[in-house]
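Examining the three-dimensional arrangement
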Amino acid sequence: MKTRKLVQFCALSLGLILVSTPIAYAQRVFSPVQQQAYPSPALFEELTKAKVIYLGETHDKPQDHAAQLQIIQALHQRNPRIAIAMEMFQRPYQSYIDRYLADNINEQDLRDRTEFDERWGFPWEYYAPFLRFAKANRLPVVALNASTEIVRQVARRGLQRLSREERRYIPPISEIRTDDPAYREVMQEIYEQSHKGKGNSSGFERFFQAQVVWDETMADSIVRFLQANPDYQVVVLAGKGHVAYGYGIPNRVARRVDGIVQRTILLNPAEDTPPRNNTPAADFFWFTYQ
């Protein structure tokens, strides 16, 4: 039963299952580490100690995005030097984000030139408030993701078949690690569910490599920004499946930066989201209500 719940939880964040719910305005914070409610002031006191904060969303839940903006605003009040790092934008389009923030192109130009609608597919208005807030407060925004073309190529042909040109916007192949057995197990279960038991080992391997390319590229993007801007705190907006249990992005950032302090918040997860290998899914769960 716990395995089934875990697979369903991860599948939601990977876009395999989509759910729509209304925007909420009240919140409750729970610590799965301490197994108790956590006061909001204590939460933000804890978050100020972290160099990287992950806000794990379900992409089509408006209340997740409302919570993200609320958290970013509260963090900015405590520390004006924060950056917003977004899975929703792909690395080759960083220059257009920078031009928008510098007021050299308008919001519609940004949306068009980053090919946001084609490459992401969830409503612009879910994410525009973060860009507007960043522009108004002169905050950097980091395009985290690998390009769709590269991820598709890996899923179809495998990592080693990428051309030199295709490798430009991902980390070196030697840094793309697929040797985490716990993550592999979770992805295997998702793969089997999505293929209804008709997949094969080579197909799974390419599927897993594509997932890891996402994760390693986003981790690399975060670390590169911190190396260039060591006095900044980074707030990451990404799907739950990329941050839960540390499997996706957080462990890969930690592998690159010794001793880095990171915190993960899952937004509106299932109340009974189970631990795995005695590891909670996140440092905090944030629940919003009507």
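Because the structure is a prediction, the values reported are computed rather than measured.

1. Brief notes about the sheet that holds strand S4 (residues 82–90)
Read from one edge of the open sheet, eight strands run S2-S1-S8-S7-S3-S6-S4-S5, paired in mixed fashion. The sheet terminates laterally at strand S2 (36–37) and strand S5 (141–145), the two strands that pair on one side only. Summarising the sheet, strand S1 (residues 26–31) and strand S8 (residues 284–289) pair through five bridges and their orientation is antiparallel. Within the sheet, the bridge partner assigned to Ala26 lies in S8 and is Tyr289. In the packing of helix H4 (residues 94–101) onto the sheet, the strands contacted are S4 and S5, and the crossing angle to S5 comes to about 160°.

2. Quick word on the pairing of strand S3 (residues 52–57)
Of all the six residues making up S3, six are buried; the element is thus mostly covered by neighbouring parts of the structure. Neither face of S3 is open: one carries Val52, Tyr54 and Gly56, the other Ile53, Leu55 and Glu57, and all of them are buried. By the bridge criterion, six bridges tie S3 to strand S6 (residues 233–239) in an arrangement that is parallel. Looking across to S6, one finds that Gly56 is bridged to Ala238. When S3 meets strand S7 (residues 262–267), the two strands line up parallel, connected through five bridges. Each bridged residue has a counterpart across the sheet, and for Ile53 the counterpart in S7 is Arg263.

3. Side note on the packing of aromatic side chains
Here the structure, examined in full by the defined rule, presents 19 aromatic pairs. Measuring from centroid to centroid gives 6.4 Å for Tyr126 and Tyr127, while their planes differ by 65°, and the two rings are edge-to-face. Taken as a pair, Tyr126 and Tyr127 share a single burial class, namely buried. An aromatic cluster is present here, built from Phe89, Phe116, Trp120, Phe122, Trp124, Tyr126 and Tyr127 joined pairwise through their rings. Above the face of the Tyr100 ring, Lys135 is positioned so that its terminal group lies 4.4 Å from the ring centre.

4. Points about H4
Among the residues of H4, those classed as buried are Gln94, Ile97 and Tyr100. One side of H4 carries all its buried residues, which in axial view fall inside an arc of 120°. Looking at the packing, one finds that the buried side of H4 touches S4, helix H5 (107–113), helix H7 (124–136) and S5. A positive phi of about 65° marks Asp103, the residue just after H4.

5. Concerning the pattern of salt bridges
Evaluated as defined, the whole model comprises 22 salt bridges. In this structure, Arg184 engages Glu205 in a salt bridge whose closest nitrogen and oxygen atoms are separated by 2.8 Å. In this pair, Arg184 sits in helix H9 (residues 181–194) while Glu205 sits in helix H10 (residues 201–228), placing the two residues 21 residues apart along the sequence. Assessed through its relative accessible area of 25%, Glu205 is described here as partly exposed. Between Arg224 and Asp220 there is a salt bridge, with the nearest N and O atoms lying 2.9 Å from each other. One end of the pair, Arg224, and the other, Asp220, are both in helix H10, four residues apart, so they sit about a helical turn from each other. Overall, Arg224 belongs to the partly exposed group, its relative accessible area being 46%.

6. Some details on the nonpolar core
Membership of the largest hydrophobic core comes to 49 residues, with the highest contact counts inside it found for Tyr54, Ile170, Val213, Ile222, Val236, Ile249 and Val253. Sorting the residues of this core by element identifies S3, S4, S5, helix H8 (148–157), H9, H10, S6 and S8 as the ones contributing at least two each. Counting residues per element, this core draws most heavily on H10, which supplies 11 residues. The contacts of Val213, once residues within four sequence positions are left out, are Ala146, Ile150, Val154, Leu159, Ile170 and Ile176. By size, the runner-up hydrophobic cluster in this structure holds 42 residues, among which are Ala50, Leu55, Phe89 and Phe122.

7. Comments concerning unusual backbone geometry
Here Glu115, not a glycine, exhibits a phi torsion of approximately 55°, which is positive. Topologically, Glu115 is positioned in the loop between H5 and helix H6 (116–119).

8. Points about the confidence of the model for the chain
Regions with low pLDDT should not have their predicted coordinates read in detail. Predicted confidence across the chain gives a mean pLDDT of 90, with 90% of residues reaching 70 or more. Per-residue pLDDT stays below 50 along residues 1–24; that stretch engages in 51 contacts with residues further than four places along the chain or on separate chains.

The rules we used
- Residues numbered from 1 in each chain as written.
- Predicted model: local features only at pLDDT ≥ 70, side-chain atom pairs only at ≥ 80, totals over all residues.
- Heavy atoms only, no water.
- Pairing = 2+ DSSP bridges.
- Helix = DSSP H or I, 4+ residues; strand = E, 2+ residues; numbered from the N terminus.
- Contact = heavy atoms within 4.5 Å.
- Axes fitted to C-alpha atoms, helices over the stretch in contact; angles between N-to-C directions.
- Buried < 20%, exposed > 50% of the residue type's maximum accessible area, 1.4 Å probe, protein only.
- Phe/Tyr/Trp six-rings, centres within 6.5 Å; stacked < 30°, edge-to-face > 60°.
- Lys NZ or Arg CZ within 6 Å of the ring centre and 35° of its normal.
- Arc of directions from axis to C-beta.
- Salt bridge = Lys/Arg side-chain N within 4 Å of Asp/Glu carboxyl O.
- Core = buried A, V, L, I, M, F, W, Y, C linked by side-chain atoms within 4.5 Å.
- pLDDT = per-residue confidence, 0-100.

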